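Below, each chain spelled out in residue letters.
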Amino acid sequence: WEESATYCESRGKRLPVPAEWEWAARSANPKSRYPWGIDPATDQPCWSPKKHRHDGTCVVKSSPLDRSAQGVHDLAGNVWEWTDTWHCADYARPSCPKKVHVVRGGSWSVGLAPFVRSSFRGGPAQASGGDDVGFRCARDLQR
């Protein structure tokens, strides 16, 4: 996470907060469960339990399905993506132990549609990164 945040900062950007990430994935449509719409894909190359199953990441923009209406690619099923927010088991608590950051998007390593929903927040299992965790940088609109 630190290396990802540092990289984004070196480019004059930052890691997105989960709400920004989810807004991009839903294309500002709260009814969209996935970047491509309401229904889970049965043939998404990086995570589908059916055909085209991968044992690693997919080439960027390789799935025509994994594109939001805003044109943002690879928001579901390629790699989990770091955000700039701490993960809490109970968001109703006034404070959160700062142990691990929220990841979004699911990865090629999961074969279940609920894990790649735009609203799914991952956390502790992805604490240390790995070959199924990545990031994308966000920029402030004022720049």
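All of these numbers come straight from a predicted model, not from anything done at the bench. Throughout this document, residue positions are counted from 1 along each chain, in the order its sequence is written. In keeping with the predicted nature of the model, local features appear solely for residues at pLDDT of at least 70, side-chain atom pairs appear and are counted solely at 80 or more, and the whole-chain, interface and lining totals rest on all residues. As a convention, hydrogens and water are excluded, and side-chain values are obtained from all of the structure's heavy atoms.

Engineer: Break down the pairing of strand 1 (residues 80-86) for me, citing the residues and quoting the values.
Structural biologist: DSSP calls a pair of strands paired once it identifies at least 2 bridges connecting them. Each helix is a run of DSSP H or I of at least 4 residues and each strand a run of E of at least 2, with the numbering of both proceeding from the N terminus. With two bridges connecting them, strand 1 and strand 3 (residues 133-134) associate as parallel partners. Note on strand 3: the bridge partner recorded for E81 is G134. Relative to strand 2 (residues 101-104), strand 1 runs antiparallel, the two being bridged by three bridges. Residue pairing across strands places E81 opposite R104, the latter belonging to strand 2.

Engineer: Lay out the pattern of salt bridges with the relevant residues and their values.
Structural biologist: A pair is scored as a salt bridge if a Lys or Arg side-chain nitrogen falls within 4 Å of a carboxyl oxygen belonging to Asp or Glu. Tallied over the full model, the rule gives five salt bridges. Among the salt bridges present, the one from E81 reaches R136, with a minimum N-O distance of 2.7 Å. Taken together, the residues E81 in strand 1 and R136 in the segment after strand 3 connect sequence positions 55 residues apart. Sharing partners across several salt bridges, the network here consists of R14, E20 and D140.

Engineer: Lay out the state of the cysteines with the relevant residues and their values.
Structural biologist: Any two cysteine sulfur atoms within 2.5 Å of one another count as a disulfide. Considering all chains together, one arrives at one disulfide under this definition. The side chain of C8 participates in a disulfide bridge whose partner is C137; the two sulfur atoms lie 2.1 Å from each other. The sign of the -85 degrees torsion about the S-S bond sets the C8-C137 disulfide as left-handed. You can see C8 sitting in helix 1 (residues 2-10) and its partner C137 sitting in the segment after strand 3, a full 129 residues away along the chain. Any residue under 20% of the maximum accessible area for its type is buried, any over 50% is exposed, and the rest in between are partly exposed; the area is computed with a 1.4 Å probe on protein chains only. Overall, C8 belongs to the buried group, its relative accessible area being 0%.

Engineer: Break down the packing of aromatic side chains for me, citing the residues and quoting the values.
Structural biologist: Pairing of aromatic side chains requires ring centres within 6.5 Å, counting the rings of Phe and Tyr and the six-membered ring of Trp. Pairs whose planes differ by under 30 degrees are stacked, by over 60 edge-to-face, and all others tilted. Enumeration over the complete set of coordinates arrives at three aromatic pairs. On the numbers, 5.7 Å between centres and 65 degrees between planes, the contact of Y7 with F135 is edge-to-face. With Y7 in helix 1 and F135 in the segment after strand 3, this pair connects stretches of sequence that are 128 residues apart. Both rings, one in W80 and one in F120, keep their centres 5.8 Å apart while their planes meet at 40 degrees; by these two values the pair is tilted. On the criterion of sequence distance, the pair formed by W80 in strand 1 and F120 in the loop between strand 2 and strand 3 is long-range, its members being 40 residues apart. Overall, W80 belongs to the buried group, its relative accessible area being 3%.

Engineer: Can you lay out the nonpolar core for me, pointing to particular residues and giving the numbers?
Structural biologist: Residues A5, C8, L15, Y34, A76, W80, W82, V103, V110, A113, V116 and V133 constitute the largest nonpolar core, which totals 12 residues. Listing elements by their share of this core, those giving two or more residues are helix 1 and strand 1. Each nonpolar core is a collection of buried residues, namely Ala, Val, Leu, Ile, Met, Phe, Trp, Tyr and Cys, held together in the definition by side-chain atoms within 4.5 Å.

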